[in-house]
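Spelled out, the chains give:
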Amino acid sequence: MQLGRMKSKTLMALSASAVALPGVLVSTSAISDTPPTAKVISYRASSYKEDSLASEALLAGSPERYDIEIHQLRYSSPIGEKYSISLDSSYESMSGASPWYTVKSANGNTKVAMSGASIYEKRRDVTASVQRYYDRGNVGASFTISDENDYRSNSASVDGSFTLANDSTTLSLGIAHSDDDINPTDAALFNRIPSANKSTTSAFFSVTQILNQFSIIQTGVSSTRAGGYLTDPYKLSDHRPEERNQFTWTTSWRRYFREQRSAFHANYRFYDDDFGVRSHTIDFALHKSFSRSITLVPNVRYYQQQAADFFTPATDFARTMEFNSSDYRLSKYDALSAGLKFNVQLGDYTLVLSGERYRTSGSSNPAMIDFTRLSAGIDYTF
Amino acid sequence: MHLNLRICLLLSALAVMTACQFVPAYQRGDLARPEMAFDADPLGSKLNQHIYFSKEASTGGNGVAAGGCGCN
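Described below are features of the structure shown in this document. (Residues numbered from 1 in each chain as written. Chains lettered and ligands numbered in written order. Predicted model: local features only at pLDDT ≥ 70, side-chain atom pairs only at ≥ 80, totals over all residues. Heavy atoms only, no water.)

Structural notes on the pairing of strand β10 (residues 169-182) of chain A
Residues and elements named next belong to chain A.
Consideration 1: Across 13 bridges, the pairing between strand β9 (residues 151-163) and β10 is antiparallel. When the bridges of β10 are listed, Gly160 appears paired with Leu173.
Consideration 2: As consecutive antiparallel partners, β9 and β10 are separated by 5 residues, and within that stretch Asp167 has a phi angle of approximately 60 degrees, a positive value.
Consideration 3: As defined by bridge partners, β10 adjoins strand β11 (residues 196-210) across 14 bridges and the pair is classed as antiparallel. (Pairing = 2+ DSSP bridges. Helix = DSSP H or I, 4+ residues; strand = E, 2+ residues; numbered from the N terminus.)

A look at the side chain of A:Thr295
Residue and element names in this part refer to chain A.
Consideration 1: For Thr295, the position within the fold is in strand β16 (residues 294-305).
Consideration 2: Of the residues examined, Thr295 reaches a relative accessible area of 17% and is grouped as buried.
Consideration 3: If near-sequence neighbours (up to four positions away) are discounted, Thr295 is found in contact with His287, Lys288, Ser289, Lys341, Phe342 and Asn343. (Buried < 20%, exposed > 50% of the residue type's maximum accessible area, 1.4 Å probe, protein only. Contact = heavy atoms within 4.5 Å.)

Observations concerning helix α2 (residues 42-55) of chain B
Residue and element names in this part refer to chain B.
Consideration 1: The end-to-end C-alpha distance of α2, which contains 14 residues, comes to 20 Å, matching closely the 20 Å that a straight helix rising 1.5 Å per residue would cover.
Consideration 2: The buried count for α2 comes to 11 of 14 residues, which makes it a mostly enclosed element.
Consideration 3: Every buried residue of α2 is accounted for by Leu43, Gly44, Ser45, Lys46, Leu47, Asn48, His50, Ile51, Tyr52, Ser54 and Lys55. (Expected span 1.5 Å × (residues − 1).)

What to know about the pairing of strand β12 (residues 215-228) of chain A
Residues and elements named next belong to chain A.
Consideration 1: The pairing of β11 with β12 spans 13 bridges and is classified as antiparallel. In the strand pairing of β12, Lys198 is matched with Gly228.
Consideration 2: If you look at the hairpin formed by β11 and β12, you'll find 4 residues sitting between the two strands.
Consideration 3: Pairing of β12 with strand β13 (residues 243-257), which is carried by 13 bridges, proceeds in the antiparallel orientation.

Details of the nonpolar core
Consideration 1: One finds A:Tyr48, A:Ile68, A:Tyr333, A:Tyr358 and A:Phe371 to be the most contacted residues of the largest nonpolar core, which totals 22 residues.
Consideration 2: When residues in this core are grouped by element, the largest group, 3 residues, is from α2(B).
Consideration 3: In terms of nonpolar packing, the next biggest core, distinct from the first, is built from 10 residues, A:Ala226, A:Leu230, A:Phe275 and A:Phe310 among them. (Core = buried A, V, L, I, M, F, W, Y, C linked by side-chain atoms within 4.5 Å.)

Let's talk about the packing of aromatic side chains
Consideration 1: Taken as a whole and assessed by the stated rule, the structure comprises 13 aromatic pairs over all chains.
Consideration 2: Considering the side-chain rings of A:Trp100 and A:Phe190, the 6.0 Å spacing of their centres and the 90 degrees angle between planes classify their relative orientation as edge-to-face. With A:Trp100 in strand β5 (residues 99-104) and A:Phe190 in the loop between β10 and β11, this pair connects stretches of sequence that are 90 residues apart.
Consideration 3: The interplanar angle of 15 degrees and the centroid separation of 5.9 Å between the aromatic rings of A:Phe264 and A:Phe284 together place this pair among those described as stacked. Of this pair, A:Phe264 sits in strand β14 (residues 262-273) while A:Phe284 sits in strand β15 (residues 278-289), placing them 20 residues apart in sequence.
Consideration 4: Among the residues examined, A:Phe264 registers a relative accessible area of 24% and is labelled partly exposed.
Consideration 5: Judged by its relative accessible area of 33%, A:Phe284 falls in the partly exposed class.
Consideration 6: Here the aromatic cluster, defined as three or more aromatic residues joined through ring pairs, consists of A:Tyr48, A:Tyr358, A:Phe371 and B:Tyr52.
Consideration 7: For the cation-ring pair, A:Lys288 lies above A:Phe290, with the distance from its terminal atom to the ring centre recorded as 5.7 Å. (Phe/Tyr/Trp six-rings, centres within 6.5 Å; stacked < 30°, edge-to-face > 60°. Lys NZ or Arg CZ within 6 Å of the ring centre and 35° of its normal.)

Quick look at the sheet that holds strand β6 (residues 110-114) of chain A
All names here are of chain A.
Consideration 1: Strand order in the open sheet formed by 3 strands is β2-β6-β5, with mixed pairing between adjacent strands. Either end of the sheet is taken by a strand with one partner, and the two such strands are β2 (58-60) and β5. Across the sheet, the mean angle separating the axes of adjacent strands is 35 degrees when strand polarity is ignored.
Consideration 2: Looking at chain direction, β2 and β6 are connected through 2 bridges and run parallel. Pairing of Leu58 across the sheet is with Val112, part of β6. (Axes fitted to C-alpha atoms, helices over the stretch in contact; angles between N-to-C directions.)

Remarks on unusual backbone geometry
All names here are of chain A.
Consideration 1: We note that Asp167 has phi near 60 degrees; this positive angle belongs to a residue other than glycine.
Consideration 2: Locating Asp167 in the fold gives a position in the loop between β9 and β10.
Consideration 3: Even without glycine at this site, Ser237 takes up a positive phi of about 50 degrees.
Consideration 4: Secondary-structure assignment places Ser237 in the loop between β12 and β13.
Consideration 5: The exposure class assigned to Ser237 is buried, which follows from its relative accessible area of 18%.

Structure, rendered in structure tokens:
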């Protein structure tokens, strides 16, 4: 009986759901999904910087894109032997200009009008989560508030996992709901909608399976239904449907190579929605340990998406289609990113340094962004 | 994506899983390593997913997610 419980808990530790939904903050750490034995405080400071818009593509406004400074704080702790809690918060301050509309120039090239003045904005979010552990599973709940001067989101979720009697398979499922209020700035000045709301409801199911002594796989599906005001109020002549149904299928594989002291991660996601967007995402990472205290993690990610059915390279001012948007994020494009992370453990402290470079190609919209992210942080375990 | 294709993909994945071998608890040490977790860095993943969510048309299917925001 004791052995069975131990096996079950080991699998539970491995099989925390990797299928996420808006509003869900599912613990996926091998350590934290069993009742944790230690408290951990983590802090990260990050800088996100988008490349400037090419001068030949600028019609009006500022070519400077977003610069964002992000601070993240996380605290997790056991509560007795059967509960754990975690608190996550982040603070972002951003400045820069964003695309307003696009036009076709006389020579056939697409040009972008950016917002004229720099935008300064802040965002705060807080997530509180609680988890209850059982011999063969766990259940959890979380609540998230995200607040900006023109946007507020409240979301909640519940999720659970159950390990089958074979002690090798874990089933996970969850649901989440989010209610968002939108209050665009300068609504009267720019003829934007003064206020609106939208809601999002999601559900997921996943299966985690131990394949052998060194590898484990997880596959899952999720379905999301968003309704309400799904248009971008800051883009000129942007009209999107008031309902969006999204589907994902994900598979993740982990393989440990003992002699090389390396863990290989491979993830794939298929995404499809009734806006007409379909995408494939694949990423790989190698967690290479050089000693007990130093770990290097190179990773590469490839993303490819099709355009939404109502995407127009140039803004459809005449509104020849009921739904239309020239938002570059709804265009067809590819993105390739590569990153590197460096972890050093010094006693109870772990120092973390990481960076990522993200580049896009293949879009008919020159507003497509490339960006660089740099992060530094520390974890304290006590 | 057609429903049949979705079902086939899921059944294929489940078929792979049935080919697994049982691993006793004392041989699960490598599987339980922190670097083998499906999300080995919750804060890093949360930030990355937030960035991808705000810059790409796809969302969901990852280990972490935050509440909605005005970025997308």
